[in-house]
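Coordinate inspection notes
Each chain is listed here by its residues.
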Amino acid sequence: MMAQPSDFNEKPPHRGAAAADVDVRVLLVEDTQDDAELAIYQLRHSGIRCDYRRVETEQSLRQALCDFRPDLILSDFRLPQFDGHAALRTAREVAPDTPFIFVSGTIGEEHAIESLLHGAADYVLKGNLKRLPSAVQRAMERSAAAVEQRRQQEQIARLTRVLRMISGINGLIVRVNARTELLEEACRIAVSTGRYSTAIVMLRQPGTGAVQPIAWAGVDDRTTEQLRISMSQTANRDVGAIARVLQTGVPYVCNAPVDPLATANVSALMVQAGFQSIVALPLLIDKTVVGVLMMTAPDADTVSEEELGVLREVSANLSFALQYLHKDSTLQQLSHFDPLTGLAKRGLFCERLARKLEQTADGGVLGIGVFDVEQLSVINDSFGRHTGDLLLQHVADRLRRHFHNTELLAQFGGGTFAIVLDALDALDNQDLSATLSRHLVAVLGQPVELDGRQLPVVVRSGLAIYPQNGSDANVLVQNAESALRNARATGQRHQHYSVEQHTAGMARLALEHKLRSALERNQFELHYQPKAGIKTRRIEGVEALIRWRDPNGGLVSPGAFLPVLEATGLMIDVGEWVVRQAAADARHWQHLGLPPVRVAVNISPLQLRCADFSERFLQLAQSSADACCGLDLEITEGMLLEDSDAELKKLAVLRAAGVRIAIDDFGTGYSSLGRLSELPIDTLKIDRSFVCRLPHDHSGKTLVRTIIDLARAFDMNTVAEGVETLDQLNALSEMGCDQLQGYLMSKPVPRDDFATLLERGNGHLLLPAEPSPAAASHPA
């Protein structure tokens, strides 16, 4: 008989219950037919419908107890073949739940009491058979109550065992992190604590979907193995109860060995092994059935609705554990392997490399190479991220085919890969570098074809060698990455690690870290170097020059930190601070009533490329702008060599707003003369490398004169930088240069010192700025 969780078949009333519409099977142990018929007549006369069989020997009694299966036994006390005590012992032995009543004319009080003590329900004298129906009624009611009580006690005991089973399994879930170990122990507890005959867990296999036994336990190993094989076969043929549980996720319960959902071989095996009940529970991950927990029991009607409720909890808890372990396994996979290429990530690669180093004999050499796929971001932007991902997958596949030991491959993220060069006999670093280059050419020399496109794979690599460059796996990988960074910085394709380069790189990183906090801590400051008219010697302008006051190293030259600001992108924020501070200092000098002066600030290519540069600059500088006083720009000549139409438009907007624009270090950037005539430029600043050759170097004089004549032809002013001698000043004056700037007049000075220069000058070579007409008529 099969019972589902939602429709358990109701158990019929006990067959011995006295009711008008129920036949009672009565076994009479009586040697006289007439006495037997009188007793049956009395029962029928009282309304008890009954069927009976009469026996008078012990052998026939035993046979009837098995074949006839009586609901009631009525026995004479004295029989020719054996007595009532023997009949009572036999009945207690074979059918202990069947009520036994003596009906005798010769039983004495002592024998009656002894019989009651040994299990007889009652005794009735043959001379008083009217009392028989009521005695039978009471005996059968007491027997039914006793059977029900025992059934409830057995059910309580069984539920207690199942609760202990779930407690044990819950403890496993907390302690055990391995799936197979968890399921094996759960099956063992189901058999040892839950008292099931067998317990088997079957799970779907990833990819194939086939159902395979993963764990099992049983009282009898041979029977358990047979049941395991049979269940696996039926589940994979999509027939029977197990297949239905896998398909529907609904528990299956069979409380009898023959069931329409059980296949013939399983039913036969249950009968042969003595199983009377079977239960199959679904195991789920993310609401998908992934397996079945099946258990068998030796008794029929074992799995009650209450027990099934507890077993549902067992199934739910095991499902929770499987889901946790599945997600934990997925996280472990993602934490150790790149999800795109399947190659090891950095952590696992370093672990494997450490094991490899332990296995490397003294004198052995290993090369650790780290390489980058160049232009990956360009490929992503041009053809889509999907194409870039496919490219990386092809690179990983080529590496796997080329290198036999894939454990010595890794991907560190993005387009960065790592390899270990094993069994290298050469001890020369150049040979190892050449070996790495040959491997990379062999793997990536041919373009990758994606979506009909031939994409060349260009790489840049760094190499570290064991033991010369370190004996620790992490250190070797770090050194290989350091060599790769140096290769990027120097433009080389392959770079071997060196201590000198590493030291320089570490110093650069330390400097970068300090610069990132310098702006927040107000460690930058502006110094000002005046520009004087070559004829008047008066201050006509000033250049703002950034300085960094390092708390530990004092004032730092811009040549030491400006390249780092450019490389890291910090120049955008620092450049904006320069503009803001220069405007504030110009307003400060105005408030002091000093002569007006225009302040030139240097602008980096990064700043000029910002889309809102023009608007932002004017917003910061407008409060200090007028014809004689305001901010000007100085840009490098190289910024105008590229395709910079957008930048030129920004400069034109600024020039139209009154900002004067100068090309700094002119003559070093190979400008096109035709393009120079089209640029929104007011001033050319002659580079100090030309000025320092004056006045005796003929080619130097020719270069400077050419620049001055060129500027005059395009209606531009000229400023000579780096003027340090009177001879240079006189030579520039003879050639018609407009302004001078250099240590001859003044070195760059802080804001307040420059205010003094504006007011008093610096001797006969640098006179104070000429007061504006407004300032002259209204002295401060």
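Heads up: the structure comes first, above all this text.
Described below are features of the structure shown in this document. Keep in mind it's a predicted model, so treat the numbers as computed, not measured.

Let's shift gears to the overall build of the protein chain. Counting its secondary structure elements, the protein chain contains 27 helices and 27 strands. Relative to its full complement of 780 residues, the protein chain shows a buried share of 48%. Carbon and sulfur atoms form 50% of the exposed surface of the protein chain, whose accessible area is close to 38,300 Å².

This paragraph deals with the sheet that holds strand β2 (residues 24–29). If you walk across this open sheet you meet the 5 strands as β3-β2-β4-β5-β6, and the pairing is parallel. For this open sheet the edge positions go to β3 (50–55) and β6 (122–125), each flanked by a neighbour on one side alone. Strand-to-strand twist across the sheet, computed as the mean angle between neighbouring axes with direction ignored, equals 25°. Running over the sheet, helix α1 (residues 33–45) touches β2, β3 and β4 (72–75) and is turned about 160° from β3.

The subject of this paragraph is the sheet that holds strand β13 (residues 409–413). Spatially, β13-β14-β12-β17-β18 is the arrangement adopted by the 5 strands of the open sheet, whose pairing is mixed. A strand with exactly one partner marks an edge of an open sheet, and here the two such strands are β13 and β18 (494–496). In this sheet, neighbouring strand axes are inclined to one another by 20° on average, regardless of whether the strands run parallel or antiparallel. Sitting on the sheet, helix α11 (residues 346–359) touches β12 (366–373), β13, β14 (416–421) and β17 (459–466), and the angle it makes with β13 is about 145°. Sitting on the sheet, helix α13 (residues 385–402) is in contact with β12, β13 and β14, with an inclination near 5° to β14.

A few words now on the pairing of β2. Buried residues dominate β2, accounting for 6 of its 6 residues. The two faces of β2 match: V24, V26 and L28 on one face and R25, L27 and V29 on the other face are all buried. Viewed along the sheet, the connection from β2 through α1 into β3 turns out right-handed. Summarising the sheet, β2 and β4 pair through 4 bridges and their orientation is parallel. Looking across to β4, one finds that V29 is bridged to S75.

A separate point is the pairing of β6. Where burial is concerned, the two faces of β6 differ: the one with D122 and V124 is buried and the one with Y123 and L125 is not. Bridge analysis of strand β5 (residues 100–104) against β6 gives 4 bridges, and the strand direction is parallel. Bridge pairing in β6 places S104 opposite L125. Following the chain from β5 across helix α4 (residues 109–117) to the adjacent parallel β6, one finds a crossover that is right-handed.

Our focus in this paragraph is the environment of A621. Among the structural elements, A621 can be located in helix α20 (residues 613–621). On the accessibility criterion, A621 (5% relative accessible area) is buried. Put simply, A621 and R580 are 41 residues apart on the chain and 7.2 Å apart in space, counted from C-alpha to C-alpha. Ignoring anything within four residues of it in the chain, the contact list for A621 reads A583 and L631.

Among the residues making up helix α3 (residues 84–94), those that are buried are G84, H85, A86, A87, L88, T90 and A91. Looking at the buried positions of α3, the neighbouring elements they touch are β2, α2 (58–67), β4, β5 and α4.

It is worth spelling out helix α8 (residues 240–248) at this point. Residues of α8 that are buried include every one of A241, I242, A243, V245 and L246, and no others. Downstream of α8 by one or two residues, G249 has phi in the positive range, about 75°.

Two quantities define a packed helix pair, namely the angle between the helix axes and the distance between the axes. The contact between α1 and helix α5 (residues 132–175) brings their axes to 9 Å, and the two run at 75°. Comparing the axis directions of α1 and α5 gives the class roughly perpendicular. Packed against α1, whose contacting residues are A39, Q42 and L43, the element α5 presents L132, P133 and V136 at the interface. Of the residues in the contact of α1 with α5, the class split is 5 nonpolar, 1 polar and no charged.

This paragraph deals with the packing of aromatic side chains. As enumerated under the stated definition, the model contains 11 aromatic pairs in all. Their ring planes at 45° and their centres at 6.0 Å tell us that F524 and F561 sit as a pair that is tilted. With a gap of 37 residues between them, F524 in strand β19 (residues 524–533) and F561 in helix α17 (residues 558–568) connect regions that are remote in the sequence. Seen from their ring centres, Y528 and F754 are 6.0 Å apart, and the 35° between their planes marks the pair as tilted. Placement of Y528 in strand β19 and of F754 in helix α26 (residues 751–760) is noted, with a sequence separation of 226 residues between them. No difference in accessibility class separates Y528 from F754, as the two residues are buried.

One broad trend across soluble globular proteins is that nonpolar side chains are buried collectively. Membership of the largest hydrophobic core comes to 80 residues, with the highest contact counts inside it found for F617, L633, L732 and F754. Sorting elements by how many residues they give to this core places helix α18 (residues 571–591) first, with 9 residues. Membership of the second largest hydrophobic core comes to 40 residues, among which are C187, L281, A297 and L308.

Now for unusual backbone geometry. In this structure, P467 follows Y466 across a cis peptide bond, with omega equal to 5°. Following L694, the chain continues to P695 via a peptide bond in cis, the omega torsion being 0°. Within the secondary structure, P695 sits in the loop between α23 (688–691) and α24 (698–713). Of note, R69 is a non-glycine position whose phi angle comes to about 50°, a positive value. Mapped onto the elements of the fold, R69 is located in the loop between α2 and β4. Non-glycine residue D715 carries a positive phi angle of around 60°. Mapping D715 onto the fold places it in the loop between α24 and β26 (717–721). The exposed category is assigned to D715, whose relative accessible area is 70%.

The next subject is the pattern of salt bridges. One pass over the structure, following the stated rule, counts 33 salt bridges. E185 is paired through a salt bridge with R188; the nearest N and O atoms lie 3.0 Å apart. Note that E185 and R188 are positioned in helix α6 (residues 179–192) at a spacing of 3 residues, about one turn of the helix. For R188, a relative accessible area of 41% translates into the label partly exposed. The partner of E543 in a salt bridge is K685, with the nearest N and O atoms 3.0 Å apart. Taken together, the positions of E543 in strand β20 (residues 539–550) and K685 in strand β25 (residues 683–686) put the pair 142 residues apart, joining distant regions of the chain. Comparing E543 with K685, the two get one shared label, buried. Through salt bridges with shared partners, a single network forms among K531, E543, E634, K685 and E721.

Right, let's talk about the environment of G736 for a bit. Along the chain, the position of G736 falls in the loop between α25 (726–735) and β27 (739–741). Using a relative accessible area of 25% as the deciding quantity, one classes G736 as partly exposed. Apart from residues lying up to four places away in sequence, G736 is in contact with I708, R712 and T718.

Contact geometry of α20 with helix α21 (residues 645–656) gives a least axis separation of 9 Å together with a crossing angle of 25°. Comparing their axes, α21 and α20 come out roughly parallel. Classified by chirality, the crossing of α21 by α20 is right-handed. Across the interface between the two elements, F613, S614, F617 and L618 from α20 touch K650, V653 and L654 from α21. Grouping the amino acids of the contact of α20 with α21 by side-chain chemistry returns 5 nonpolar, 1 polar and 1 charged.

Rules and cut-offs
- Residues numbered from 1 in each chain as written.
- Predicted model: local features only at pLDDT ≥ 70, side-chain atom pairs only at ≥ 80, totals over all residues.
- Heavy atoms only, no water.
- Helix = DSSP H or I, 4+ residues; strand = E, 2+ residues; numbered from the N terminus.
- Buried < 20%, exposed > 50% of the residue type's maximum accessible area, 1.4 Å probe, protein only.
- Areas by Shrake-Rupley, 256 points an atom, 1.4 Å probe, with all protein chains shown as cover.
- Pairing = 2+ DSSP bridges.
- Axes fitted to C-alpha atoms, helices over the stretch in contact; angles between N-to-C directions.
- Contact = heavy atoms within 4.5 Å.
- Right-handed = clockwise from strand over helix to strand, strands pointing away.
- Parallel < 35°, antiparallel > 145°, perpendicular 65-115°, else oblique.
- Nonpolar A, V, L, I, M, F, W, Y, C, P; charged D, E, K, R; others polar.
- Phe/Tyr/Trp six-rings, centres within 6.5 Å; stacked < 30°, edge-to-face > 60°.
- Core = buried A, V, L, I, M, F, W, Y, C linked by side-chain atoms within 4.5 Å.
- Salt bridge = Lys/Arg side-chain N within 4 Å of Asp/Glu carboxyl O.
- Left-handed = near helix turned anticlockwise from the far one by under 90°.

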